[in-house]
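Examining the three-dimensional arrangement
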Amino acid sequence: MRLVSSPISFLAGCILGLAVSFIAQPIWKLGVEKMNQAEFSELTFKCDNAMRNHLLAKQRLVMTPSKANVMDVKSAEIGLIDCQDYDLMRKSLIRWGLTENELSEMALVAIEEKGADLREVVRIHEIRY
């Protein structure tokens, strides 16, 4: 017996498939973001700190050249490995379907999380007159 499909059922299947793909894609991306936000936030924070430490060490070396400051720059360069981990995670999330805009949004969420923590630390420790 031959299997015969009507053109109407084929068209309905295509329309249903397109509708499901448009609905599933944002849900998929949201799930990928939620599952990876904590680790991404941590790597974002570590890389930001490593870059800041490296910049400060280089500025100290320029202002006051010394062997100790050269060693500080070398130590700060080792800290930049955190940025490699951050970059690898970004590339992995892109392979999972996230766009640069979605990754930027995840970075903003990470900054806001740490910023709120930082504001609380400053509030507790600030000297009031």
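Details of the structure are given in the entry above.
An account of the accompanying structure is given in this report. Throughout, a residue's number is its position along its own chain's written sequence, starting from 1. Under the rules for a predicted model, residues below a pLDDT of 70 receive no local features and side-chain atom pairs below 80 are neither given nor counted, while totals for whole chains, interfaces and linings still include all residues. Computation of side-chain values: all heavy atoms of the structure, hydrogens and water removed.

Describing the environment of K29
Labels follow the DSSP assignment, with helices taken as runs of H or I lasting at least four residues and strands as runs of E lasting at least two, numbered in each case from the N terminus. The topology assignment puts K29 in helix α1 (residues 7-63). Apart from residues no more than four positions distant in its own chain, K29 is found in contact with G97, L98, T99 and E102. Contact definition: two residues touch when any of their heavy atoms are within 4.5 Å.

Things to note about the state of the cysteines
The disulfide criterion used throughout: a pair of cysteine sulfur atoms within 2.5 Å. All chains considered together, the criterion is met by one disulfide. Shown here is the disulfide that connects C47 with C83, its sulfur atoms set 2.1 Å apart. Torsion about the S-S bond of the C47 and C83 cystine: about 100°, corresponding to right-handed handedness. Placement of the pair is C47 in helix α1 and C83 in helix α3 (residues 81-95), with a sequence separation of 36 residues.

Describing the pattern of salt bridges
In what follows, salt bridge is the name for a side-chain nitrogen of Lys or Arg lying within 4 Å of a carboxyl oxygen of Asp or Glu. Enumeration according to the criterion identifies four salt bridges in this entry. Put simply, D87 and K91 hold a salt bridge, and the shortest N to O gap is 3.0 Å. Of this pair, D87 and K91 both sit in helix α3, four residues apart, roughly one helical turn. For each residue, the accessible area found with a 1.4 Å probe, counting protein chains only, is set against the maximum for its type, and the residue is called buried under 20%, exposed over 50%, and partly exposed in between. Given a relative accessible area of 43%, K91 falls into the partly exposed group.

A word on the packing of aromatic side chains
Pairing of aromatic side chains here covers Phe, Tyr and the six-membered ring of Trp, requires ring centres within 6.5 Å, and sorts the geometry by plane angle: under 30 degrees stacked, over 60 edge-to-face, intermediate tilted. Counting across every chain of the model gives two aromatic pairs. Their ring planes at 35° and their centres at 5.7 Å tell us that W28 and W96 sit as a pair that is tilted. Here W28, found in helix α1, pairs with W96, found in the loop between α3 and α4 (100-125); they are 68 residues apart in sequence, far enough to count as distant. When the centroid spacing of 5.5 Å and the interplanar angle of 35° are considered together, the rings of F40 and Y86 count as tilted. Of this pair, F40 sits in helix α1 while Y86 sits in helix α3, and the two are 46 residues apart along the sequence.

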